[in-house]
Amino acid sequence: MAFTFAAFCYMLALLLTAALIFFAIWHIIAFDELKTDYKNPIDQCNTLNPLVLPEYLIHFFFCVMFFCAAEWLTLSLNIPLLAYHVWRYMSRPVMSGPGLYDPTTIMNADILAYCQKEGWCKLAFYLLSFFYYLYGMIYVLVSS
Amino acid sequence: MSTTGFNSQNGAGGGQAYANGPSQNPVALQQPPGVGYGMTHQAPYNLMQPKAPMPPGPGLYHSGPYQPVPPVSSYQSSPPVSSYQAPPGQPLLTRPPMGGPLPHTPPQSASPSPGPRMPPAQATPPPPAVSSNSYYPNAQQQQPPMAHAWQYGTAPPPMGAPPPMNTPSGGPVANHVNLPASSTAPPQSSTAYSSPPQGPVSHNATQPPGPGMPPTSLHGYTHPGTAPPPMNPMPPHTYQPGRPPYGPPPTGPPPTMKPAPPPTGPPMGSATPPPPKADGTMAGNGPQTPNTYNHVDNKMAGPPQSGPPGRQLGHYPSLPPGYQNTSAPPSSASPMHPPMPTATQPYTQAPQPYQQPSAGPGPAQLSPSLAALSLQSSTPEALRVVNLLQERNLLPPGPIPAPTPCLPQDLQKINCNPEVFRSTLTSIPQTQSLLNKAKLPLGLLLHPFKDLSQLPVVTSSTIVRCRSCRTYINPFVSFLDQRRWKCNLCYRVNDVPEEFMYNPVSRSYGEPHKRPEVQNATIEFIAPSEYMLRPPQPAVYLFVLDVSHNAVETGYLNMVCQSLLDNINALPGDSRTKIGFITFDSTIHFYNLQEGLSQPQMLIVSDIEDIFLPTPDSLLVNLSECKELVQDLLKSLPNLFEKTMETQSALGPALQAAFKLLSPTGGRMSVFQTQLPNLGVGALKSREDPNQRASAKDIQHLSPATDFYKKLALDCSGQQVAVDLFLLSAQYCDLASLGCISRYSAGSVYYYPSYHHAHNPAQVERFQKDLKRYLTRKIGFEAVMRIRCTKGLSIHTFHGNFFVRSTDLLSLPNVNPDAGFAVQMSIEENLLDMQVVSFQAALLYTSSKGERRIRVHTMCLPVVNSLSDIFAGADVQAITGLLASMAVDRSVSASLSDARDAMTNAAIDSLASYRQSVLTIQQPGLLAPACLRLFPLYILALLKQKAFRTGTSTRLDDRVFAMCQLKYQPLAYLMLMIHPALYRVDDLTDEGALNINERTIPQPRVQQLSVEKLSREGAFLMDAGMVIYLWVGRNCNPNFLTQVLGVPNYTAVPQNLYLLPELDTAESQRTRAFIGWLRDQRPFFPTLHVIRDESQLKANFMQNMIEDRTESALSYYEFLLHLQQQISK
């Protein structure tokens, strides 16, 4: 049993995924508030937009870590999400600031539903990966 | 106890002196500043109504208004007294289940015409039957490659570049010396908007607009056995998952499209009776109120009676020659159109009652059983099977009325006017899956702030609303007993407040169901202070004018200043009204107009990076206190910049400055721009590649280049500032980016391509008329609109100019009477136990007199559970309008070709669904229910509309502007922009004419948009909404040339004729009356162009010939074959 770089990566990913889970929950709550009229879309977009890039960067960061640690299976599990993030950010509306959400279109039922679904899917993904990283960490620690 | 004043109000409705139309009451009363709400304003009125008898009682609620004149209240055609019953719970709505649609095989007629045009489905489509007279633009008779040209949207073989269409006729605004004498034109415009569209504005009390059908016509559809390939049962529709449900379900009866003669809206200008606002104090006012009423009453009563009957007489039998020779039955398919007195057709009779319920007394007198009968028998009519491949003349001869929901008489009678509130499906499907099956879009089209001639206004200390969903009490609630009512949206049982027990109309107690709120589907409340977040704002107008070299060249500045000078007293507002000016080129110029200065003082701010206001409090000044300074400024402004050499335009910083100036109060910002902004923030680059204008590939750059304008618009919206954009430019201006400033701040966009004071007189006239209307029309400030609907339905998407603040709330910093909205709906929960559902749009705004008002429209529609009922209730015009809005969104978010495919699929899917699920007998051909028979035509028209066409040279700005219009215009005007109306005008007669205000308005029949209908011997008028073309045939009747155009022969017709000479001949008068009447029906001013063979604009005229093939688009017949092929796949 040794503390390898891979184990370190898993531990880091574990912590960061916990953070991402909070992001996802925040995202879900925010869209729910929009849907139930509690919030003004402009304010809501202003609070959500700054969080988009950090989330993507965190995810990108530990993908890079896994790459360095040569954890190919874990990396391949994360690649689809990484690709989705890249695509999502490339196809964002014309905006001068960072972020994805445009207050003028966000209230469109299709977009709202899409964003909500996206939130739930991500939450599920992060939760599963959280446990996977936990398992991965222990496995690496034990096997080495 | 509540004081409830009830009065009718004229469109101007806002309340006091509103100028609904343009100018009317300049007399507006001045109130002391700071007037709050509850003041009694007196109606300053009316010039025009003195004749009406005056019922005596002054006083407040004079019942006067309400009772004596029952028919007046627009929505009730029968005496209002009829007690209201029929709460939704009752089984009133029994609609007999319908069997399959009637199999109709029309009798065979002799006319062979369709025959030749039916090639086996895939053969190369024959060129449109135009042949001999080739007016056909560049018609290529043979187009071999066309064989597989079915794929729509993909590039058809390009055939040479089409002539550039939109080139400015005046030439690029080059260097011209400018400055027209400042007197250009202002004065005459008064008539344009103000003449009341003919009379009857009331929805129900009038006769149905549509002209009758030819009484004697027999249906002669040919039914050649050979023709269309046999059809197999439909395959599941080609719906693609990827695409949003573009066209779910199919639709119904035709909506009214254009100038429906009678009910055209509000007489805008003239007859606005000032709303006497009734609260208890208005003694003096009393007499006026009744007056108003009667006056209106007269108006309504008069014309319609004389009008319609006339039209039904023998007008149609004498068809224009061109029509007779061509294919068989004149308008065989128009049974939907109301008045068909003597109809011999089997189907036509039954529907009559169905269609006409709105026609005044008629239905009211039917005995219940008869009414029930009519309901039954009418259904088949809307569903009558029409084989589109065989019946060619589907276009009704006159305007198409909106279909009538299949509701019990007493509900229908009080239902909301379809011009204000209209649904794409007049029968709401019970479940979303049923709706998906029908493949027709479900949505609402609204024109909520329309100028109405009759608007009950209620002042009450408590406004009765549902306690849980906040719905306003409306005619469709049910009273459980004297003290309790049940909300029709959420079904909560509420108490009737004490005040509501007293009925001010009848001055009786204990009859809450007879209160005006419960008798009118459209009503306006004067809101108490709970409805204000801050004291109502004053009317504030800020003008932001481009004064760069380019702008001065066009000479628009003169026109704007002159119009303002002329209308300065007619600007809606009160004594608190404020006004300000900003001009800009590469710097921003402010004008200090503070009282006490001897002349306006110009302050220049050249630091456009960090804009600031030089003297914050004297730039926006009180109009009445500083009127002289303002007038001085307006007189000197055009000369001030005469010699400017500054070519740059810092629009962005100017807008920021204007926003800063207006943000403390809110108000309206009118921006005039003549070139691409190229300095400071918001600078744009030209994105248009002129070589791509005719590209059949995807059109780029339909979405904004920067979000600067959008963000600024959102800021404006937050501060209750609306931005109206007037774009006058010969060059590309990137309207896609600039337009955002208006779109999200609920402003409007006006576009005058290649405006030039000397080179483009037609455009100048249009600009002037539009400005006058713009300056004087009613306006509502700091408005919000909420749309509520019965539990189970929910709002999917909004279309129009606004900012969506929450799922059902639109933020509208300004609202104007010319704005339309569309809403897509979805069904979230099944509407299983409901027989009717209701929709309520409530618009809360501050009138220009500083009063908070709420205008509430409520519409009630039946719920059905069979597909055939859904199809029977489809409103084809509303569907087209909604699809157009959806397609605009799609073009921006995805691509133009995607949007085009989606529209085509909408037609394919709905017809396929109809064929598959509704038709019991499978016949060959392209079958559609009668109510949807125009659907493919309208879809084709949309595909050929400027906004969506491909392959024809279209400037990017023109295209984007067309898209803005599709989303913003109310349906009535929109339909003309989609499918223009063509009339033959060289043989106008007084037969069947309307009679309005002593003027006789001939009513020629609407022709199909095909070159085949043109004849060299005639003259044809095409009304395309924003523009009217008068096409003169080469061998036109010399009588027409001399009597109407005032020229001796064809060759003497001037190239750029845009005004008809005022000749004193019967023909000239008729023609001018007809054109004037068309113009009066809309709030903008269409220019008239007289076109002859060599005219530059001929191409534009020909492009509107929707049924013909062009180099890049299918003909109507080919399109039908394409649909048929897709459906039977």
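Here is what the cut-offs are and how they apply
- Residues numbered from 1 in each chain as written.
- Chains lettered and ligands numbered in written order.
- Predicted model: local features only at pLDDT ≥ 70, side-chain atom pairs only at ≥ 80, totals over all residues.
- Heavy atoms only, no water.
- Helix = DSSP H or I, 4+ residues; strand = E, 2+ residues; numbered from the N terminus.
- Polar contact = N/O pair within 3.5 Å; in protein donor to acceptor, adjacent residues only side chain to side chain.
- Salt bridge = Lys/Arg side-chain N within 4 Å of Asp/Glu carboxyl O.
- Buried < 20%, exposed > 50% of the residue type's maximum accessible area, 1.4 Å probe, protein only.
- Contact = heavy atoms within 4.5 Å.
- Nonpolar A, V, L, I, M, F, W, Y, C, P; charged D, E, K, R; others polar.
- UniProt positions renumbered as here; feature names shortened; annotations may be inferred.
- Core = buried A, V, L, I, M, F, W, Y, C linked by side-chain atoms within 4.5 Å.
- Domains from an automatic or database assignment.
- Pairing = 2+ DSSP bridges.
- Axes fitted to C-alpha atoms, helices over the stretch in contact; angles between N-to-C directions.
- Phe/Tyr/Trp six-rings, centres within 6.5 Å; stacked < 30°, edge-to-face > 60°.
- Parallel < 35°, antiparallel > 145°, perpendicular 65-115°, else oblique.
- Left-handed = near helix turned anticlockwise from the far one by under 90°.

Draft legend 1. Inspection of the environment of A:S76 at higher detail. All names here are of chain A. One can find S76 in helix 3 (residues 72-90). Along the sequence, S76 and F22 sit 54 residues apart, while their C-alpha atoms lie 23 Å from each other. Within the structure, the side chain of S76 is placed 2.7 Å from the backbone oxygen of L73, a separation counted as a polar contact.

Draft legend 2. The arrangement of the pattern of salt bridges in detail. Residue and element names in this part refer to chain B. This structure, assessed with the given rule, holds 37 salt bridges over all chains. Across the pair R392 and E1012 runs a salt bridge, and its minimum N-O distance is 3.0 Å. With R392 in the loop between strand 2 (385-387) and helix 9 (409-414) and E1012 in the loop between strand 32 (1006-1007) and strand 33 (1019-1023), this pair connects stretches of sequence that are 620 residues apart. For R392, a relative accessible area of 16% corresponds to the buried category. Across the pair E765 and K769 runs a salt bridge, and its minimum N-O distance is 3.3 Å. Of this pair, E765 and K769 both sit in helix 19 (residues 761-776), four residues apart, which is roughly one turn of the helix.

Draft legend 3. Inspection of the interface of chain B and chain A at higher detail. Of the residues lining the interface, 18 residues belong to chain B; the matching set on chain A comes to 17 residues. Counting every contact that joins chain B to chain A gives one salt bridge. Among the ionic pairs, B:K710 bridges to A:D102, the shortest N-O distance being 2.4 Å. Taken together, the connections running from chain B to chain A amount to five residue pairs in polar contact (both at pLDDT 80 or more). Secondary-structure elements contributing two or more residues to the side of chain B that touches chain A are helix 16 (708-718), strand 22 (793-799) and strand 23 (803-806) of chain B. It is strand 23 of chain B that provides the largest number of residues to the side of chain B that touches chain A, a total of four residues. A class-by-class count of the residues in the side of chain B that touches chain A yields seven nonpolar, five polar and six charged.

Draft legend 4. Representation of the UniProt feature "domain: Gelsolin-like" (unreviewed entry) in chain B. The feature "domain: Gelsolin-like" (unreviewed entry), as annotated in UniProt, sits at residues 1001-1075 of chain B in this numbering. The span residues 1001-1075 of chain B is 24% helix and 19% strand, and its two end C-alpha atoms sit 9 Å from each other.

Draft legend 5. Spotlight on the nonpolar core. Residue and element names in this part refer to chain B. With 236 residues, the main nonpolar core has M669, L812, F839, F948, L1021, L1045 and F1101 as its most contacted residues. With 10 residues, helix 22 (residues 896-918) is the largest single contributor of residues to this core. Residue assignment places this core across two domains, with domain 1 (540-685 + 702-777) and domain 2 (980-1105) each supplying three or more.

Draft legend 6. Quick peek at the environment of A:N49. All names here are of chain A. Among the secondary structure elements, N49 is positioned in helix 2 (residues 41-68). Of the residues examined, N49 reaches a relative accessible area of 8% and is grouped as buried. Considering only alpha carbons, one finds N49 and F62, 13 residues apart in sequence, at a separation of 22 Å. The contacts of N49, once residues within four sequence positions are left out, are M95, P98, G99, L100 and Y101. Side-chain polar atoms of N49 contact the backbone nitrogen of Y101, separated by 2.8 Å.

Draft legend 7. Quick peek at the sheet that holds strand 5 (residues 443-446) of chain B. Residues and elements named next belong to chain B. Read across the open sheet, the four strands follow the order 3-5-25-22; overall the sheet is antiparallel. Among the strands making up the open sheet, the edge pair consists of strand 3 (421-423) and strand 22. Adjacent strand axes in the sheet meet at a mean angle of 25°, parallel and antiparallel pairs treated alike. Relative to strand 25 (residues 821-827), strand 5 runs antiparallel, the two sharing four bridges.

Draft legend 8. Inspection of the packing of aromatic side chains at higher detail. Residues and elements named next belong to chain A. Enumeration over the complete set of coordinates arrives at 38 aromatic pairs over all chains. Between Y10 and F66, the aromatic rings sit 5.2 Å apart at their centres with planes inclined by 55°, giving tilted as the arrangement. With Y10 in helix 1 (residues 5-35) and F66 in helix 2, the pair connects residues that are 56 residues apart, well separated along the chain. Taking relative accessible area as the criterion, Y10 reaches 2% and is therefore assigned buried.

Draft legend 9. Structural view of the UniProt feature "transmembrane region" (unreviewed entry) in chain A. UniProt marks residues 7-29, 56-83 and 123-142 of chain A with the feature "transmembrane region" (unreviewed entry), using the numbering shown here. Here residues 7-29 of chain A is 100% helix and 0% strand, with 33 Å between the C-alpha atoms at its ends.

Draft legend 10. The arrangement of the packing of helix 3 of chain A against helix 4 (residues 109-143) of chain A in detail. All names here are of chain A. Where helix 3 meets helix 4, the axes come as close as 12 Å, and the angle between the chain directions of the two elements is 160°. With respect to helix 4, the element helix 3 is oriented roughly antiparallel. The handedness of the crossing between helix 3 and helix 4 comes out as left-handed. Two secondary-structure elements touch here, helix 3 through L73, T74, L77, N78, L81, Y84, H85, W87 and R88 and helix 4 through Y114, C115, E118, K122, F125, Y126, Y132 and Y133.

Draft legend 11. How the structure looks around the sheet that holds strand 7 (residues 478-481) of chain B. Residue and element names in this part refer to chain B. Spatial strand order, 7-8-9: three strands in an open sheet with antiparallel pairing. Either end of the sheet is taken by a strand with one partner, and the two such strands are strand 7 and strand 9 (493-495). Across the sheet, the mean angle separating the axes of adjacent strands is 35° when strand polarity is ignored.

Draft legend 12. Just the packing of helix 13 (residues 556-567) of chain B against helix 19 of chain B, in detail. All names here are of chain B. Running from N to C, helix 13 and helix 19 point in directions that differ by 40°, and their axes come no closer than 10 Å. When you trace helix 13 past helix 19, the crossing you get is right-handed. Mapping the contact onto sequence places Y556, M559, V560, S563, L564 and N567 in helix 13 and V764, F767, Q768, L771, K772, L775 and T776 in helix 19. In terms of residue class, the contact of helix 13 with helix 19 is built from eight nonpolar, four polar and one charged.

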